[in-house]
Amino acid sequence: METALSNIEVLSPGARAVARCDIFGKPPYSETPAMLTRRFLTPAHTAAIASLQRWMRKADMSVTLDPLGNLIGRYEGNTAGAPALVIGSHIDTVRDAGRYDGALGVMLGLSCIEQLAAAKRRLPFAIELVAFGDEEGSRFPSAMIGSRAMAGLISDYASIAALEDEDGVMLADALERFGLDPSSMSGTARAPESVLAYLEAHIEQGPQLEAEDLALGVVTGIAAQLRFRVSFTGTAGHAGTTPMGLRQDALACAAEAILAIEEMARQQAVHGAVATVGSIDAKPGAANVIAGETGMSLDIRALDGTLRDEMARHMMSCIADIAARRNVGVEFEQLQDLPPSPCDPALSGLLEEALGEMGLPPFRLASGAGHDAAALAAIAPMAMLFIRCAGGISHNPAEAVDPADADLAVEAMLRFIDRLEASTA
């Protein structure tokens, strides 16, 4: 493994970033060799942190791990303690993930700083590279814990500490096993004056750039999100002896609700709205027993926060009507509420100017996916750069990125840094 890590240094900056993501696609950076899964505070996450620390130090960065497991590499500016341009993304993955979601943004930022360090170039501001430990929420039922904490958006750390994974491990215990002190989580928050701006590079996770035959795009904003846990309570019964008309089938109720959700979302698709039921579980889970309890997720997104909220109210009302008609109880638990996050026009303009200098059209597009940038926007102006991914496929092992596109991304980010330097002179 060490040989593979050293050999990538001969590659171009973008190709090197892609190669590092490829290396991170298998053990010890994955929990299993069968598929890429790197969840927050697992041994695979620990392995990723260790390699990133080595690379950061080699690029003349000081390295710290904050109380929530976010890895921070600081490339100091001309003046010690100057505010920082933060470049970041996440290194956790969903189960059976692709290699580039999140990780590519971290590796591209690393390549940028390596270029600056090789040229012994210092700036009037520091650059901090942040590898957020958790963005996906694939282990604990709350996404973007690391970036929300850094932005000071978490007020109830006791609830965060008590979150449990599917094995019943509380986040507080996982932090302790990771070598961190859960009582210090509030220390993750950054003072706004310490952050000059935030930049995140990320695969598009959609097909627009490929359809336009473009390598890069400038993000205009990130969609608002709502996430719920919907719980249906009926009556378990014998599958052979309970007449159809007398059943209180929690699973059948959920199935009807899922189809209704899909139809309601289709009606708002013209406005860029979407809704998804991505997980469902039924109990007692036996082939010959009517489901007495069923739980499902509900994720609602729209670029317009008002539309998102209207959709949520309409969907919950419709689900309640379906449950009442079927004589099944229903409860809603809100798990997440992320407002829409517009990108900063001035920073986006710097990115567009950088693309123009490269002879690339400054194509604009919105993000339906959530990103750590949405949280950091609470304490600093933020911008995002999207990189084309093959087929628009993401959260899937088939994720693919052209190293030539990654090289263009590094160049665009460095030109952005040049322009940011000029604007702060």
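Here we summarise the structure given alongside this text. What you see is a predicted model; the values in this text were computed from it and never measured.

Following both chains from N to C, one finds helix α2 (residues 13-23) and helix α4 (residues 103-118) inclined at 140°, their axes separated by 8 Å at the closest point. Considering the angle they form, α2 stands oblique to α4. The two elements α2 and α4 meet at a crossing, and its hand is right-handed. Together, Pro13, Arg16, Ala17, Val18, Arg20 and Cys21 of α2 and Ala103, Leu104, Met107, Leu108, Leu110, Ser111, Glu114 and Gln115 of α4 make up the contact between the two elements.

Attention now moves to the pairing of strand β2 (residues 71-75). Taking burial as the measure, the 5 residues of β2 include 5 buried ones, the bulk of the element. Side chains of β2 alternate between two faces, with Leu71, Gly73 and Tyr75 and Ile72 and Arg74 buried alike. Relative to β2, strand β1 (residues 62-65) runs antiparallel, the two sharing 4 bridges. Considered in β2, the bridge of leucine 65 is made with leucine 71. Counting the residues that bridge the hairpin from β1 to β2 gives 5 residues, and of these glycine 69 lies at a positive phi of roughly 80°. Direction of pairing for β2 relative to strand β4 (residues 126-132): antiparallel, over a ladder of 5 bridges. Within β4, the position partnered with tyrosine 75 by the bridge is isoleucine 127.

Turning our eyes to something else, we now look at the layout of surface pockets. What the largest pocket holds in volume is close to 1,400 Å³. For the largest pocket, the lining is made up of 46 residues, of which Glu136, Arg227, Ser297, Asp299 and Arg301 are closest to its centre. Contributing elements (two or more residues each) for the lining of the largest pocket: β7 (224-233), β9 (274-276), β12 (293-302), β13 (329-338) and β15 (364-367). No other element matches β12, which puts 5 residues into the lining of the largest pocket. Looking at the second largest pocket, its volume works out to about 320 Å³.

We now examine the side chain of glutamine 225. Here glutamine 225 lies in strand β7. A relative accessible area of 2% places glutamine 225 in the buried class. Within the structure, the side chain of glutamine 225 is placed 3.3 Å from the side chain of glutamine 336, a separation counted as a polar contact. In contact with glutamine 225, not counting residues within four places along its chain, are Met144, Asp299, Ile300, Arg301, Arg308, Gln336, Asp337, Leu338, Ala369 and Gly370.

Below, the discussion takes up the nonpolar core. Within the largest apolar cluster, 82 residues are counted, with the highest numbers of intra-cluster contacts made by Leu108, Leu171 and Ile417. Not counting the four nearest positions on each side in its chain, leucine 171 is found in contact with Phe40, Leu41, Leu68, Phe140, Ile145, Ile160, Ala161, Leu163 and Met185.

Next up on the list: the pairing of strand β6 (residues 216-222). A large share of β6 lies buried, amounting to 6 of its 7 residues. Pairing of β6 with strand β16 (residues 382-387), which is carried by 3 bridges, proceeds in the antiparallel orientation. Considered in β16, the bridge of valine 218 is made with leucine 385. Looking at chain direction, β6 and β15 are connected through 3 bridges and run parallel. Across the sheet, the residue bridging to valine 218 is arginine 364, located in β15. Pairing between β6 and strand β14 (residues 341-342): 2 bridges, direction antiparallel. Bridging across to β14, glycine 221 finds its partner in proline 342.

Along the chain, phenylalanine 132 turns up in strand β4. When sequence neighbours within four positions are dropped, the list of residues in contact with phenylalanine 132 reads Asn70, Ser89, His90, Ile91, Asp92, Gly146, Ser147, Met150, Tyr198, Asp372 and Leu376.

To continue, consider the environment of glutamine 115. Within the secondary structure, glutamine 115 is located in helix α4. Taking C-alpha positions, glutamine 115 is 7.9 Å from proline 13, a pair spaced 102 residues apart along the chain. Leaving out residues up to four positions away in the same chain, glutamine 115 has contacts with Pro13, Arg16 and Leu414.

Here we come to the packing of aromatic side chains. Scanning all chains against the criterion turns up 3 aromatic pairs. Relative to tryptophan 55, the ring of phenylalanine 24 lies with its centre 5.7 Å away and its plane at 25°, an arrangement referred to as stacked. Placement of the pair is phenylalanine 24 in the loop between α2 and α3 (43-58) and tryptophan 55 in helix α3, with a sequence separation of 31 residues. Exposure class is identical for phenylalanine 24 and tryptophan 55. Each is buried. Taken together, the ring pairs in this structure connect Phe24, Tyr29 and Trp55 into an aromatic cluster. One Lys or Arg, arginine 20, reaches over the ring of tryptophan 55 and ends 4.5 Å from the middle of that ring.

Each value, and the rule that gives it
- Residues numbered from 1 in each chain as written.
- Predicted model: local features only at pLDDT ≥ 70, side-chain atom pairs only at ≥ 80, totals over all residues.
- Heavy atoms only, no water.
- Axes fitted to C-alpha atoms, helices over the stretch in contact; angles between N-to-C directions.
- Helix = DSSP H or I, 4+ residues; strand = E, 2+ residues; numbered from the N terminus.
- Parallel < 35°, antiparallel > 145°, perpendicular 65-115°, else oblique.
- Left-handed = near helix turned anticlockwise from the far one by under 90°.
- Contact = heavy atoms within 4.5 Å.
- Buried < 20%, exposed > 50% of the residue type's maximum accessible area, 1.4 Å probe, protein only.
- Pairing = 2+ DSSP bridges.
- 1 Å grid on protein atoms, 1.4 Å probe; cavity = no way out; pocket = protein on both sides within 12 Å on 5 of 7 lines; lining within 4 Å.
- Points joined across faces, edges and corners; volume = space filled by probe spheres on them.
- Polar contact = N/O pair within 3.5 Å; in protein donor to acceptor, adjacent residues only side chain to side chain.
- Core = buried A, V, L, I, M, F, W, Y, C linked by side-chain atoms within 4.5 Å.
- Phe/Tyr/Trp six-rings, centres within 6.5 Å; stacked < 30°, edge-to-face > 60°.
- Lys NZ or Arg CZ within 6 Å of the ring centre and 35° of its normal.

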